[in-house]
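Topology and contacts: notes
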Amino acid sequence: MNILFSGNEKVFDGVLTCMLSIMKRTESKEPFTFYVLTMDVSHIKPEYTAISDKMISFLDDVAKKYNQENVVKKIDVTDIYDREFANCPNEQCYCSPYTLLRLFIDMIPEIQDKILYLDIDIMLNRDITLLYDIDLTGYEYAAARDHYGKFLINPNYINAGVLLFNMEEIRKTNLLGKARELIKTKKMLFADQDAVYRSTTRKKMLPQRFNDQKFLHKHTIIRHFSKRLFYLPYPHTDNIKQWHVSKMYSTFKYKEFDDVIYEYMYLKGKYEYES
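As a convention, each chain's residues are numbered from 1 in the sequence order in which they are written. For this predicted model, a pLDDT threshold of at least 70 governs which residues receive local features, and a threshold of 80 or more governs which side-chain atom pairs are given and counted, while totals over whole chains, interfaces and linings are taken from all residues. Side-chain metrics in this entry use all non-hydrogen atoms of the structure; hydrogen atoms and water are not considered.

1. Quick notes on the pairing of strand S2 (residues 33–38)
- Partly exposed residues are those whose accessible area sits between 20% and 50% of the maximum for their type, while under 20% is buried and over 50% is exposed, using a 1.4 Å probe and protein chains only. Only runs of H or I of at least four residues qualify as helices and only runs of E of at least two qualify as strands under DSSP, and these elements are numbered from the N terminus. Counting buried residues along S2, six of its six residues qualify, which places the element largely inside the surrounding structure.
- With burial as the criterion, each face of S2 is covered, one bearing Thr33, Tyr35 and Leu37 and the other bearing Phe34, Val36 and Thr38.
- Whether two strands pair comes down to DSSP finding at least two bridges between them. Summarising the sheet, strand S1 (residues 2–6) and S2 pair through five bridges and their orientation is parallel. When the sheet's bridge partners are listed, isoleucine 3 is paired in S2 with phenylalanine 34.
- The parallel pair S1 and S2, bridged by helix H1 (residues 12–25), forms a crossover whose chirality is right-handed.
- Pairing of S2 with strand S3 (residues 71–76), which is carried by six bridges, proceeds in the parallel orientation. Its bridge partner being in S3, phenylalanine 34 is matched across the sheet by valine 72.
- The definition of a right-handed crossover adopted here requires that, viewed with the strands pointing away, the path from the first strand over the helix to the second runs clockwise. On the question of chirality, the crossover connecting S2 to the parallel S3 by way of helix H2 (residues 53–66) is right-handed.

2. Comments concerning the packing of aromatic side chains
- Ring geometry is summarised as follows: Phe, Tyr and Trp rings, the Trp one being its six-membered ring, pair when their centres sit within 6.5 Å, and such pairs are stacked at plane angles under 30 degrees, edge-to-face over 60 and tilted between the two. All told, the structure shown has 16 aromatic pairs when counted by the stated rule.
- Ring geometry for tyrosine 81 against phenylalanine 85: centres 6.0 Å apart, planes inclined by 85 degrees, an arrangement best described as edge-to-face. In terms of burial, tyrosine 81 and phenylalanine 85 fall into one category: buried.
- Summarising the aromatic geometry, the rings of phenylalanine 225 and phenylalanine 257 are spaced 6.3 Å apart at their centres and angled 65 degrees between planes, so their arrangement reads as edge-to-face. Separated by 32 residues along the polypeptide, phenylalanine 225 in the loop between strand S9 (222–224) and strand S10 (228–230) and phenylalanine 257 in the loop between helix H9 (245–252) and helix H10 (258–274) bring together distant segments of the chain. Just as phenylalanine 225 is buried, phenylalanine 257 falls in that class too.
- Ring pairing ties together the aromatic residues Phe225, Phe230, Phe252, Tyr254 and Phe257, which thus form one cluster.
- Two limits define a charge over a ring: the Lys NZ or Arg CZ must be within 6 Å of the ring centre, and within 35 degrees of the ring normal. The aromatic ring of tyrosine 139 is capped on one face by arginine 202, whose charged end is 4.2 Å from the ring centroid.

3. Brief notes about the sheet that holds strand S4 (residues 115–118)
- Reading across from one edge, S3-S2-S1-S4-S7-S6-S8 is the order of the seven strands in this open sheet, with mixed pairing throughout. At either margin of the open sheet sits one strand with a lone partner, and together these are S3 and strand S8 (203–206). Neighbour to neighbour, the strand axes of the sheet diverge by 25 degrees on average, direction disregarded. The axes are straight lines fitted to the C-alpha atoms, using for helices just the contacting stretch, and the angles between their N-to-C directions are given from 0 to 180°.

4. Some remarks on the nonpolar core
- Counting 57 residues, the largest nonpolar core has Phe5, Phe34 and Leu118 as its most contacted members.
- If near-sequence neighbours (up to four positions away) are discounted, phenylalanine 5 is found in contact with Val15, Cys18, Met19, Phe34, Tyr35, Val36, Leu37, Leu118 and Ile120.
- What is meant by a nonpolar core is a set of buried Ala, Val, Leu, Ile, Met, Phe, Trp, Tyr and Cys residues, joined one to another through side-chain atoms within 4.5 Å. Ranked by size, the runner-up nonpolar core spans 39 residues in total, among them Met39, Tyr98, Ala179 and Ile183. Residue contacts are counted whenever heavy atoms from the two residues lie within 4.5 Å of one another.

5. Topic: H10
- Between its terminal C-alpha atoms H10 stretches 24 Å, which fits the 24 Å expected from 17 residues at 1.5 Å a residue.
- Inspection of H10 places Asp258, Val260, Ile261, Tyr264, Leu267 and Tyr271 among the buried residues, and these make up the whole buried set.
- Of the surrounding secondary structure, the elements contacted by the buried residues of H10 are H1, H2, strand S5 (122–124) and H9. Working rule for helices: expected span equals 1.5 Å times residues minus one.

6. As for the packing of helix H7 (residues 175–185) against helix H8 (residues 191–199)
- For the pair H7 and H8, the least separation of the axes is 8 Å and the interaxial angle reads 130 degrees. Classed by the angle they form, the pair H7 and H8 counts as oblique. The two elements H7 and H8 meet at a crossing, and its hand is right-handed. On H8, the residues that touch Leu175, Lys178, Ala179, Leu182 and Ile183 of H7 are Ala191, Asp192, Ala195, Val196, Arg198 and Ser199. Geometric relationships in this document are graded by angle, where less than 35 degrees denotes roughly parallel, more than 145 denotes roughly antiparallel, 65 to 115 denotes roughly perpendicular, and other angles denote oblique. In this scheme the handedness of a crossing depends on how the near helix is turned from the far one: anticlockwise by less than a right angle means left-handed, clockwise means right-handed.

7. Here's the deal with the pattern of salt bridges
- What makes a salt bridge here is a side-chain nitrogen of Lys or Arg within 4 Å of a carboxyl oxygen of Asp or Glu, nothing more. On inspection of all chains with the given rule, the structure shows 14 salt bridges.
- Across the pair arginine 180 and aspartate 106 runs a salt bridge, and its minimum N-O distance is 2.7 Å. Of this pair, arginine 180 sits in helix H7 while aspartate 106 is found in the loop between helix H3 (78–84) and S4, placing the two residues 74 residues apart along the sequence.
- The class for arginine 180 is buried, based on a relative accessible area of 9%.
- Judged by relative accessible area, aspartate 106 falls into the buried class, the value being 18%.
- The closest approach of N and O atoms between lysine 241 and aspartate 121, which form a salt bridge, is 2.6 Å. On the criterion of sequence distance, the pair formed by lysine 241 in the loop between strand S11 (236–238) and H9 and aspartate 121 in the loop between S4 and S5 is long-range, its members being 120 residues apart. A single burial state applies to lysine 241 and to aspartate 121, both of which are buried.

Here it is, written out as structure tokens:
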């Protein structure tokens with residue numbers, strides 16, 4: 001099973017917690033390949049440096065403790081980014097330029113088959129095969145609706161934090177080529193998400209339980225800790241991630257992820273000690 005993340009040094013907490021939740025919740029013995037797309041664009045911001053080999057090696061060791069065939073691979077796409085998106089209208093997009101990197105996967109020879117892209121602020125509540133094994137024949141990708149966008153933009157507006165890509169179909173329709181052209185020529189509010197949505201030929205819509213951006217139910221497969229609206233004690237937004245441990249527990253009072261959080265805290269301490 002192929003899993004895709006992207007980001008810089010700051011994605012360590014998210015990638016580690018997400019990986020642990022995947023491996024702890026999945027019964028299949030099929031090995032995982034975790035790809036991490038990264039780049040150095042420190043000319044934009046000093047912290048925009050590529051994820052280190054040391055960090056990747058540590059994550060790879062963690063993955064191999066669950067299955068010796070698991071692997072974590074770093075793919076540096078700095079050259080592709082400089083060629084495709086440098087100084088484009090969406091370089092200073094709503095999140096960071098790292099959100100654009102998933103639009104390069106059809107240009108990476110290693111990525112040939114089905115692959116699941118995940119934002120790092122995601123935790124698996126149930127077995128990932130419930131999502132990964134969905135048949136995508138004739139579809140470019142599968143995605144769930146954006147919790148707020150389905151009301152404000154379009155009933156079928158997707159959230160791009162969970163995208164199950166069918167690479168064979170994408171190469172036929174040139175979905176990502178069209179999305180890259182939009183990124184290069186048109187300023188968009190949600191950049192990568194808008195570009196994918198507008199370039200789609202055929203997508204499979206998934207129930208909200210595959211990307212629950214607000215609640216955690218028993219049937220929730222993926223809990224996405226994205227920015228959300230809170231009504232109490234007054235209307236406001238907050239961006240609580242799973243690695244904001246104290247705030248996550250005090251706000252959501254989840255117990256479902258205790259095993260993941262405990263191991264994450266131990267491993268993070270180990271990594272920091274070894275560093």
